[in-house]
Amino acid sequence: MDWAMKEKSYSQRRACALAGIDPRVYRRHPTRPEDRALRQRLRELSAERRRFGYRRLHLLLKREGWAVNWKKLYRIYREEGLTVRKRGGRKRAIGTRAPMAIPQGPNQRWSLDFVSDTLSDGRRFRILCVIDDFSRECLATVVDTSLSGIRVARELDRIAELRGHPCMVVSDNGTELTSNAILSWQEERRVEWHYIAPGKPMQNGFVESFNGRLRDECLNEHLFANLRHARHLIQAWRDDYNHHRPHTSLDGLTPWEYHQRSRQDQTLNRANL
């Protein structure tokens, strides 16, 4: 339109006729507010939380006092080009799944699993993740090059000193978790230990979901120079996960906020992973 009017010296009416629009549409000035402050804050949050979508960013903005409709936020989110690019993953079999029974209180069931990654020099390290299935709170992320059954038992005792022992622990059949040290630990502490079926990680879905968030939002976002650097960044992310990151399956609360709620209010826990 502007090019035709400037370069070809067409009248506004003729240029609009060639473009197939009414001249009143061209002359009409937009009345939609620019929302510069909101757009700036949304860009800042998106830069800080690069793997957060518009729903979780909306929760963070509401916490800061922004009164904005989620539809409007989604429009601005798209206009600013902040859409999170989905990382490719392996193909998974599709089939029927029985819903997991959800604990009705903290410390009823913990979930354990290991996550592996590498340092910048190529050395591999492992992370022991411990989750409370009720509040989704991460109780520990133990980082080391080797984690034996004795070390796992020691870390579980360390957590129990602060929270008490769980009624049940769920894990896979890894050699560390089926060792004599773990068998002795569960017998002496009288803790029931449930091993999932081989090749069925979704039977331990809560910790598997956490592992995905840990890898997507922390491990894939950083290069770790050494073990100390890895421990520092992973611990910082764990603290953020427990105390600041809104959890959609907990109605937008953080795991710590949900854990602190009164028993009368603890009825929103859903099996959304």
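Quick notes on the rules
Residues take numbers from 1 onward in each chain, read along the sequence in its written order. Residues qualify for local features only when their pLDDT is at least 70, as the model is predicted, and side-chain atom pairs are given and counted only at 80 or more; totals for whole chains, interfaces and linings, by contrast, use all residues. With hydrogens and water set aside, each side-chain value is computed from the structure's full complement of heavy atoms. Side-chain rings of Phe, Tyr and Trp, where Trp is taken by its six-membered ring, are said to pair if the distance between their centres is within 6.5 Å; with planes under 30 degrees apart they count as stacked, over 60 as edge-to-face, and otherwise as tilted. Type-normalised accessible area, obtained with a 1.4 Å probe on protein chains alone, sets the label of each residue: buried when under 20%, exposed when over 50%, and partly exposed for intermediate values. Only runs of H or I of at least four residues qualify as helices and only runs of E of at least two qualify as strands under DSSP, and these elements are numbered from the N terminus. The rule is short: NZ of Lys or CZ of Arg within 6 Å of the ring centre and within 35 degrees of the ring normal puts a charge over the ring. For two strands to be treated as a pair, DSSP must find no fewer than two bridges joining them. The axes used here are C-alpha line fits, helices contributing only the stretch in contact, and every angle between their N-to-C directions lies in the interval 0 to 180 degrees. Contacts: residue pairs with any heavy atoms within 4.5 Å of one another.

### Let's talk about the packing of aromatic side chains
Taken as a whole, this structure holds 10 aromatic pairs when the rule is applied. With centroids separated by 6.1 Å and ring planes inclined at 90 degrees, the aromatic side chains of Trp185 and Trp193 adopt a geometry described as edge-to-face. Each member of the pair, Trp185 as well as Trp193, is classed as buried. Relative to Tyr241, the ring of Phe210 lies with its centre 5.0 Å away and its plane at 80 degrees, an arrangement referred to as edge-to-face. Here the residue Phe210 occupies a position in helix α9 (residues 205–217), and Tyr241 occupies one in helix α10 (residues 227–243), the gap between them amounting to 31 residues. In terms of burial, Phe210 and Tyr241 fall into one category: buried. Grouping aromatic residues by their ring pairs yields a cluster made of Tyr54, Trp70, Tyr74 and Tyr77. Note that Arg55 overlies the ring of Trp70, its terminal NZ or CZ placed 5.8 Å from the centroid. Geometry around Phe114 places Arg126 over its ring, the cationic atom sitting 4.2 Å from the centre.

### Section: the sheet that holds strand β2 (residues 124–132)
If you walk across this open sheet you meet the five strands as β3-β2-β1-β4-β5, and the pairing is mixed. At either margin of the open sheet sits one strand with a lone partner, and together these are β3 (138–144) and β5 (192–195). For this sheet the average axis-to-axis angle between neighbouring strands, irrespective of direction, equals 20 degrees. The pairing of strand β1 (residues 109–118) with β2 spans nine bridges and is classified as antiparallel. Residue pairing for β2: Val115 is matched across the bridge by Ile127. The sheet contacts of α9 involve β1, β2 and β3, and relative to β1 the element is tilted by about 30 degrees.

### Description of unusual backbone geometry
Unusually for a residue other than glycine, Asn107 sits at a positive phi of about 70 degrees. Mapped onto the elements of the fold, Asn107 is located in the loop between α6 (70–79) and β1. Given a relative accessible area of 12%, Asn107 falls into the buried group. Even without being glycine, Arg136 reaches a positive phi, approximately 65 degrees. Among the structural elements, Arg136 can be located in the loop between β2 and β3.

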